[in-house]
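# Per-entry structural report
Take a look at the letters that make up each chain.
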Amino acid sequence: MLDKTYRPQEVEQRIYDAWEASGAFGADVTSNARPYCIMIPPPNVTGSLHMGHALTFTIQDILIRYHRMNGRDTLWQSGADHAGIATQMVVERQLAEQGVTRHDLGREKFVEKVWDWKAESGGTINKQLRRLGASLDWSRERFTMDDGLCEAVNKVFVDLYKQGLIYKDKRLVNWDPKLHTAISDLEVEQRESKGQMWHFRYPVEGQEGKYLVVATTRPETMLGDTAVAVHPDDERYRDLVGKKVKLPLVGRLIPIIADEYADPEKGTGAVKITPAHDFNDFEVGRRHDLKMINIFDRDAKLNENAPEAYRGMDRFEARKKIVSEMDSLGLFEKVEDNDMTLPYGDRSGVIVEPWLTDQWYVDAKTLAKPAIEAVETGKTVFVPKHWENTYFEWMRNILPWCISRQLWWGHQIPAWYGPDGAFFVDYTEDAARAAAEQHYGKSVELTRDPDVLDTWFSSQLWPFSTLGWPEQTEELKRYYPTDVLVTGFDIIFFWVARMMMAGLHFMGDVPFRTVYIHALVRDEQGQKMSKSKGNVIDPLDLIDRYGADSLRFTLAALAAQGRDIKLAESRVEGYRNFTTKLWNAARFTQMNGCKAETGFDPAACTLTVNKWIVGKVFEAAREATRAIEAYRFNEAANALYQFTWGTFCDWYLEFTKPIFDADDEAAIHETRAATAWALDQILKLLHPMMPYVTEELWAQLADSRASLLIVEPWPAFADSLLDPAAMAEMDFVVRLISDIRAVRAEMNVPPGAKVALF
RNA sequence: GGGCGCGUAGCUCAGUGGGAGAGCACCUCGUUGACAUCGAGGGGGUCGCAAGUUCAAUCCUUGCCGCGCCCACCA
């Protein structure tokens, strides 16, 4: 006999272990079944399960379990991302506690430390994913820095280089002065900020007492000014073009140039040009062949190109000093408040600095073309569709992708430098050496480029690198392109777009047929969850208290398309009650001797009430199927919830009571079988969303039957199962009883008292 | 500046060209038998505002207001 309540804490672990041990999660590359593949968005190796993970992996697991039950050979590829910056920061922080920096250790030792850290702490999220019930193929777990994946990264880099799609360039990058690395545009976060705009007088050369007034939000960069620009049509300054101003504090003479970049409406109409420290100024500098004077070091402190008094000074201190110096020279005109957005590094939280460095770039514009076309022609479809606009918008305006990072943890760039700085990019050091020898006519000392690649450079290969590429494996042939990618909108640019580009370029086909973009999970008030706000709901805590199934079902029920999920704990509680309800319904059937009967034919039921529940099962199954196929998980969840509670428990089980209490053996027999059958269908239908409780009930309701997960097909029925006459009759009875109850309530008829209706 | 999404019951959210819904919360009644993590019943909403299309609009169109997000720019 079943216990009175379901206690998930006591069964989940055991069930998961049994599933995993059975090998049922594994893909079978030799199978004749149609494949179905989802690539897990590899969580950061530093990660631990947060609510966003819980949502995305629940959805993926629902899809995987659903298709597995439908007989597909499912591959849900597991693995983790090495997460360059994030991981390096974690390990550096640990070292800092011991008063050690990575430079004290040296590169090799440091990287060793990171691997040690990974071995010890890197598996956290995988344990947590198991608790959620995720049926990933753990046997194929990959890491973005596995040997095979490293080889793929290496090949992609060298191939693209040889195709002219990767190149080295000296230009401005977003420099993170805290982490001492370049970052890509996407890793820069624009934040609103109240700034100020200062107006300074630059004395015009040879015209005593005449000034050109420039406005700037960044006074400290004036030390690197190499021109002042005015608009060619600006009457106010026309006579000054071609003349020079004397840069205060520095003494350098810099030209006044005409360039359309200067906007007469903004500031004073005259803009100082600092080509080495501003993206727009850089372009102006290129057009006018201006000198580029770099005045910052890697910490964004003033360097030797600044006047002596400023050297070594932090950029913001320098700003104050410059303003006060200009003031005392009588060259400060005014300052006004100015709202602006400032660029912050998304990892470091400090303001990034445009800085002139040598970096490696991908020609994303070229790679984007087929990726745009693939979505335009529907080879890959976004669900919901409107995310395609976001994708197009970014892809059509894509800029070169800076892929080199000045870090130690990651894929080191396969480029080697000769003594004179000439470089050789090749698949192996030997090949590079050979190329160098040919170039120099002798063997020379080579040094490898110390930089590593942006983490996303390797994750963009995930859909095929995990399948063994560049080897032409059976897996690659079988599972690529994958069926669906499930992810949040926040990484459409970082990851989805880049997988599209890489997949099309190297595999000649899209990496996935469908991209399902789900919502963000927010707190009850709609705030983004964050540690600093203290509003984080920990999915593991919810699993502890309510069970994994309750959390999963809640997330599925709230996962409507096109809206963020505001998670209220009361919802989880409500769905926990649902699992209890289901459990007790099963207990009821057990108490009444209902057992699954082999060979039971639902179409052969004779009692109207049984025909009715068979028809209702049919309708629920049809609706759940339709909803899951359409990625409408909330509709599937609600349909099954309403059917299980509102139809099966509230009505059908009540109707069976008088049958079981009477002594019509034939009726009792049929009803027992029908009840057991209907409940079995419910367990199967709920299994993708609530795998644990359904598996436990499946095992307890009949002796020695095999795991629900392993053998049971998803319920699909012929239309003939629906008996319209029985459905109409019973629906009428249900409505009639409801009405009678309402009337009795309205008339205040005491329970048990009889009332005549006319 | 460009784009996207959202405003439905006290709260969290579904939904549809023709009856306005669910869960939670609230009120009334009910515990010997599947389930109080429950059952039966109930109160509560001019579906953001305005105009238009339509026999009919919460739903379609336009405008406005409010909220959120993304991208770009920012001397």
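How each quantity is defined
Residues numbered from 1 in each chain as written. Chains lettered and ligands numbered in written order. Predicted model: local features only at pLDDT ≥ 70, side-chain atom pairs only at ≥ 80, totals over all residues. Heavy atoms only, no water. Patch = residues over 30% accessible without salt bridge, like charges linked within 9 Å, V, L, I, M, F, W, Y side chains within 5 Å. Areas by Shrake-Rupley, 256 points an atom, 1.4 Å probe, with all protein chains shown as cover. Salt bridge = Lys/Arg side-chain N within 4 Å of Asp/Glu carboxyl O. Lys, Arg positive; Asp, Glu negative; His and termini not counted. Charge placed at Lys NZ, Arg CZ, Asp CG, Glu CD. Helix = DSSP H or I, 4+ residues; strand = E, 2+ residues; numbered from the N terminus. Buried < 20%, exposed > 50% of the residue type's maximum accessible area, 1.4 Å probe, protein only. Near = heavy atom within 4 Å. Polar contact = N/O pair within 3.5 Å; in protein donor to acceptor, adjacent residues only side chain to side chain. Nonpolar A, V, L, I, M, F, W, Y, C, P; charged D, E, K, R; others polar. Pairing = 2+ DSSP bridges. Axes fitted to C-alpha atoms, helices over the stretch in contact; angles between N-to-C directions. Left-handed = near helix turned anticlockwise from the far one by under 90°. Contact = heavy atoms within 4.5 Å. pLDDT = per-residue confidence, 0-100. Parallel < 35°, antiparallel > 145°, perpendicular 65-115°, else oblique.

### Quick notes on a negative patch on the surface
Negative charge collects at one region of the surface, where Glu108, Glu112, Asp116 and Glu120 lie side by side. Secondary-structure assignment places Asp116 in helix α5 (residues 107–121). The partly exposed category is assigned to Asp116, whose relative accessible area is 45%.

### Concerning the protein's contact with RNA strand B
Every one of the 44 residues lining RNA strand B counts as a neighbour, but Met197, Ala215, Asn280, Thr341 and Lys566 are closest to it. Each atom of RNA strand B within 4 Å of the protein was classed as base or backbone; sugar and phosphate made up 70%. Within the side chain of Thr341, one N or O atom sits 2.3 Å away from a base nitrogen of RNA strand B. The element that contributes the greatest number of residues to the surface near RNA strand B is helix α19 (residues 569–591), accounting for eleven residues. Its residues assigned to classes, the surface near RNA strand B shows 16 nonpolar, 13 polar and 15 charged.

### Focus: the sheet that holds strand β3 (residues 137–143)
Read across the sheet, three strands follow the order β1-β2-β3 without closing on themselves; strand pairing throughout is parallel. Every other strand in the sheet has two partners, leaving β1 (35–39) and β3 as the edge strands with one partner each. Taking the axes of each pair of neighbouring strands and ignoring which way they run, one obtains an average angle of 30° across the sheet. Two strands pair when backbone bridges link them, and strand β2 (residues 73–80) and β3 are joined in this way by three bridges, in the parallel orientation. Residue pairing for β3: Gly79 is matched across the bridge by Arg142.

### A closer look at the packing of helix α18 (residues 548–558) against α19
The contact between α18 and α19 brings their axes to 8 Å, and the two run at 120°. When you trace α18 past α19, the crossing you get is right-handed. Each of Asp549, Ser550, Leu551, Phe553, Thr554, Ala557 and Leu558 in α18 lies in contact with α19, whose residues at this interface are Arg571, Val572, Tyr575, Arg576, Phe578 and Thr579. Looking at side-chain class alone, the contact of α18 with α19 contains seven nonpolar, three polar and three charged residues.

### Observations concerning the side chain of Thr380
Mapping Thr380 onto the fold places it in the loop between α10 (364–376) and β14 (381–383). A relative accessible area of 0% means that Thr380 is categorised as buried. What Thr380 contacts, discounting residues up to four positions off in sequence, is Ala374, Val375, Glu388, Met500, Val510, Phe512, Arg513 and Val515.

### With respect to the pairing of strand β7 (residues 211–216)
Most of β7 is tucked away, with five of its six residues classed as buried. When strand β6 (residues 188–203) meets β7, the two strands line up antiparallel, connected through six bridges. Bridge pairing links Phe200 to Val214 in β7.

### Observations concerning the pattern of salt bridges
Tallied over the entire structure, the rule returns 46 salt bridges. Two residues, Glu10 and Arg7, come together in a salt bridge whose shortest N-O distance is 3.1 Å. For Arg7, a relative accessible area of 36% puts it in the partly exposed group. Close ionic contact of Arg552 with Asp61 constitutes a salt bridge, the shortest N to O distance being 2.8 Å.

### Topic: unusual backbone geometry
Backbone torsion omega between Val383 and Pro384 reads -5°, so that peptide bond is classified as cis. Residue Pro481 is bonded to the preceding Tyr480 through a cis peptide linkage, with omega at -5°. On the secondary structure map, Pro481 appears in the loop between α15 (474–479) and β21 (482–488). Even without being a glycine, Asp289 presents a positive backbone phi close to 55°. Relative accessible area serves as the criterion here: at 70%, Asp289 is assigned to the exposed category. One non-glycine residue, Tyr631, adopts positive backbone phi at about 60°. Residue class for Tyr631 comes out buried when judged on its relative accessible area of 14%.

### Focus on the confidence of the model for chain A
Model confidence for chain A is summarised by a mean pLDDT of 90, while 97% of its residues fall at 70 or above. Averaged pLDDT values over the elements of chain A bottom out at 72 in strand β23 (residues 521–522) and peak at 97 in β1. For this predicted complex, the interface score ipTM comes out at 0.91, alongside a pTM of 0.93.

### Considering the packing of α10 against helix α16 (residues 492–507)
Across the interface, α10 lies against α16 with an axial gap of 8 Å and an inter-helix angle of 90°. Considering the angle they form, α10 stands roughly perpendicular to α16. Here Ala364, Leu367, Ala368, Pro370, Ala371, Ala374 and Val375 of α10 come into contact with α16, specifically with Met500, Met501, Leu504 and His505. When its residues are assigned to classes, the contact of α10 with α16 shows ten nonpolar, one polar and no charged.

### As for the pairing of strand β22 (residues 512–518)
Of all seven residues that make up β22, six are buried, and the element is covered over most of its length. Note that β14 and β22 share three bridges and pair parallel. Its bridge partner lying in β22, Val383 is registered against Tyr516. Pairing of β21 with β22 involves six bridges; the strand directions are parallel.

### Describing the sheet that holds β7
Read across the sheet, three strands follow the order β7-β6-β12 without closing on themselves; strand pairing throughout is antiparallel. In this open sheet, the two strands that pair with only one neighbour each are β7 and β12 (332–345). When the angles between neighbouring strand axes are averaged without regard to direction, this sheet yields 20°. Sheet contacts for helix α9 (residues 315–328): β6 and β12; angle to β6, the most-contacted strand, approximately 25°.

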